[in-house]
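The chain contents come next:
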Amino acid sequence: MTSKHGSASPTGATMPRPLDRTELTRFTVVERWVHRTTSTLMMVAIVTAAFLYLPQLAELVGRRRLLVTVHEWSGILLPVPLAAGLFFRSLRADLRRLNRFGAEDHGWAWRAMRRGTGLAGAAGKFNAGQKWYAALIAGAVLVMMGTGLVMWFPNLTSLDWRTGSTFVHDWLALIIGVLVIGHIRMALKDPEARHGMRTGRVSRAWARREHELWARELDAQELDAQAQDQARTRDRGQGPDAGRDGGRTEEQGRGRGSADDS
Amino acid sequence: MLVKAAAEWCNRGMADRGGTAGKPVGRRVVLGVAALGAAGVAFGAKAQNVLDGVLATVSSKDPTGLTGLLPGGGGFRFYSVADSIPHRSDTAYRLTVDGLVERPATYTLAELKAMPQTSLVKDVQCVTGWRVPKTQFGGVLLSQLLAAAGVKPEGKALRFTCFDGVYSESLTLDEAMRPDMMVAHQMNGTPVSDAHGGPVRLYAAPMYFYKSAKWLSGITVTDRVMPGYWEQYGYDVEAWVGKSNGRNDAPTS
């Protein structure tokens, strides 16, 4: 956000903004906190599950009633951060992106598995693997909550339901374990992705490499913002009003940052 | 120039839609997983039965024992409400019998082994669903310990306490006199291990396994039933397998 822009000379106003500005905003504060709290709850649920389920670990700590209580509450609270995040536009915008599979996502996950993510083709802000993970884990959490509640309040349902719920809860837990380990492994392989989730910002070079279509999308937005600047400058006949121009620049900066001004 | 700007503005719109256009596959996957989960709940009881059979076959030939960790993989699950596995050596172990009895007593493990021994081979059924077939327990029948102690007329029930410091259980006197209620120091031909509640545990064969208190250290005869640990959290005091806790498992004894 160059506030000097408006006060500069007319030639300054038409000078192109540098496209290789080093950092792009990938996640807002809200999104990072939703991720942080959700992942904490998920890890608590997984660790307590392991200590309840695996005999070697159960023998280590015992304390079954405490573990059950912590497990139940961490599980039931899992969707709360995301639900709270729904009040924020940036998170809703990224949810829309995760939900929608475009032409670039077709077969992407398959190619990524066979040749690696680097050779699977250009991806948008989220690649198809990330979209699949988000959808699978969201569905799995819903099922785990439903089956978990059946076991939590056994008097509400019949024995067949409880047996069925235990069956689903146990096996789906293994699948979730595999998914989460995969998710963490992908993060461990990419320090800059972790940096992005920690600080909200990523380098333009990383975005071009890992999420090419998203980087191009942001480039297009910036070019377009410049074009608008130029057009307005010309319309007003070389005399940009410093105050108004500065205000507009600010607005465009924000829009570019959160990339959800659609 | 205006035309160009307008075109770019349109392109920007296109670019933005590029991020959110396409099919809502994510939503479909979420709903699909939820539907699969519901189907699993509906048919899980049957599927578990089939899987139990398969896993039993596989784990009998699995030298690593890893299949035993899979859901329904058979074998015992370790449940303890205490903070660690309590250990009592064979020589330090004591079992006290007191309360409404004529002759309170304290037994060493050697003294228990010197009494008439009984061996039972029956299924173990946990209230959470797992069942271990044909498990052997050896030890002294409760009825023999009670006969030796001489229960007073006002004695109506038994309270069991454990050296994990937390767990407790209960039986009525009539239940305790059955020939399948024992104080066990042997399991599957070997001494009861620490994890299984050794050196001495209760074995209440016809009841869900939470009645079979591990790490047994005290038997007190009381004038009424005092509910045990899990029974204070909603589990049935009368824990007959197949006739309590809303379950219909096949009886174990």
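This text follows the structure it describes.
Residues numbered from 1 in each chain as written. Chains lettered and ligands numbered in written order. Predicted model: local features only at pLDDT ≥ 70, side-chain atom pairs only at ≥ 80, totals over all residues.

1. Focus: the overall build of chain A
Of regular secondary structure, chain A possesses 13 helices and 2 strands. The burial tally for chain A puts 31% of its 262 residues in the buried class. Considering only residue pairs separated by 6 or more positions, chain A has 69% of its internal contacts joining residues 24 or more positions apart. (Helix = DSSP H or I, 4+ residues; strand = E, 2+ residues; numbered from the N terminus. Buried ≥ 20, exposed ≤ 12 C-beta atoms within 10 Å, placed from the backbone. Contact = placed C-beta atoms within 7 Å.)

2. Some details on the overall build of chain B
Along the backbone of chain B there are 5 helices and 10 strands. Relative to its full complement of 253 residues, chain B shows a buried share of 36%. Considering only contacts in chain B between residues 6 or more positions apart, those separated by 24 or more positions represent 62%.

3. Comments concerning the sheet that holds strand β2 (residues 105–108) of chain B
Residues and elements named next belong to chain B. Taken together, the 5 strands give an open sheet; going across it, the order is β2-β1-β10-β5-β6, and neighbouring strands pair in mixed fashion. At either end of the open sheet lies a strand with only one pairing partner, and these are β2 and β6 (168–172). Within the sheet, the average angular offset between the axes of one strand and its neighbour, ignoring direction, is 15 degrees. (Pairing = 2+ DSSP bridges. Axes fitted to C-alpha atoms, helices over the stretch in contact; angles between N-to-C directions.)

4. Considerations on the environment of valine 143 of chain A
Topologically, valine 143 of chain A is positioned in helix α8 (residues 128–152). Residue valine 143 of chain A is classed as buried on the basis of its C-beta count, with 23 C-beta atoms lying within 10 Å. In this structure the C-alpha to C-alpha distance between valine 143 of chain A and threonine 40 of chain A, which are 103 residues apart in sequence, comes to 19 Å. Not counting chain neighbours up to four residues away, the residues in contact with valine 143 of chain A comprise Val168 and Leu172 of chain A together with Val33, Ala34 and Gly37 of chain B.

5. Overview of the nonpolar core
Ranked by internal contacts, the top residues of the largest apolar core, which has 47 residues, are Met182, Val183 and Leu216 of chain B. No other element matches strand β7 (residues 181–187) of chain B, which puts 5 residues into this core. Formed by 35 residues, the second largest nonpolar core is a distinct cluster that contains Leu98, Phe101 and Leu172 of chain A together with Val33 of chain B. (Core = buried A, V, L, I, M, F, W, Y, C linked by C-beta atoms within 7 Å.)

6. Comments concerning the interface of chain A and chain B
The interface is formed by 52 residues belonging to chain A together with 51 residues belonging to chain B. For the side of chain A that touches chain B, the elements supplying multiple residues, two or more each, are α3 (55–61), α4 (64–76), α6 (89–99), α8, α9 (159–189) and α12 (212–235) of chain A. Split into classes, the residues belonging to the side of chain A that touches chain B amount to 24 nonpolar, 14 polar and 14 charged. (Nonpolar A, V, L, I, M, F, W, Y, C, P; charged D, E, K, R; others polar.)

So, to be careful, I would describe these as geometric facts and stop short of saying anything about function.
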